[in-house]
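# Close look at the chain arrangement
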Amino acid sequence: MSPDQTAANYDAYVAEYQEDLERDHAGKVALLHDGKLVQVHDSYDDAYWHGVDEWGLGNFSIQEIGEPPAELGVLALAFD
């Protein structure tokens, strides 16, 4: 994928999809092709192999969606 295509996918992600995806799918992975969101995957590997199968190596972009929520568990009680 050319740097221009990669930049176009990232620009589309930020402009059109980032806010909703970070609200609804934080910690997952977005697969983008031709400036469009194709699918949200649970893992980088799933998104990668979907992209390779569909368009071939180097013809898609993968974007991690936000940061997963912190899992404080028992430690949260200690600071309460």
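Before reading on, note that the structure itself is shown above.
Residues numbered from 1 in each chain as written. Predicted model: local features only at pLDDT ≥ 70, side-chain atom pairs only at ≥ 80, totals over all residues. Heavy atoms only, no water.

Our focus in this paragraph is the pattern of salt bridges. For the coordinates displayed, the defined rule picks out three salt bridges. The closest approach of N and O atoms between arginine 23 and aspartate 24, which form a salt bridge, is 3.1 Å. Of the residues examined, arginine 23 reaches a relative accessible area of 54% and is grouped as exposed. Exposure remark for aspartate 24: the relative accessible area of 48% places this residue in the partly exposed category. Taking the shortest distance from any N to any O, the salt bridge between lysine 28 and aspartate 42 comes out at 2.9 Å. Highlighted residues: lysine 28 in the loop between helix H1 (3-24) and strand E1 (29-33) and aspartate 42 in the loop between strand E2 (36-41) and helix H2 (44-55), separated in sequence by 14 residues. Given a relative accessible area of 31%, lysine 28 falls into the partly exposed group. Residue classification places aspartate 42 among the exposed residues on the basis of a relative accessible area of 58%. (Salt bridge = Lys/Arg side-chain N within 4 Å of Asp/Glu carboxyl O. Buried < 20%, exposed > 50% of the residue type's maximum accessible area, 1.4 Å probe, protein only. Helix = DSSP H or I, 4+ residues; strand = E, 2+ residues; numbered from the N terminus.)

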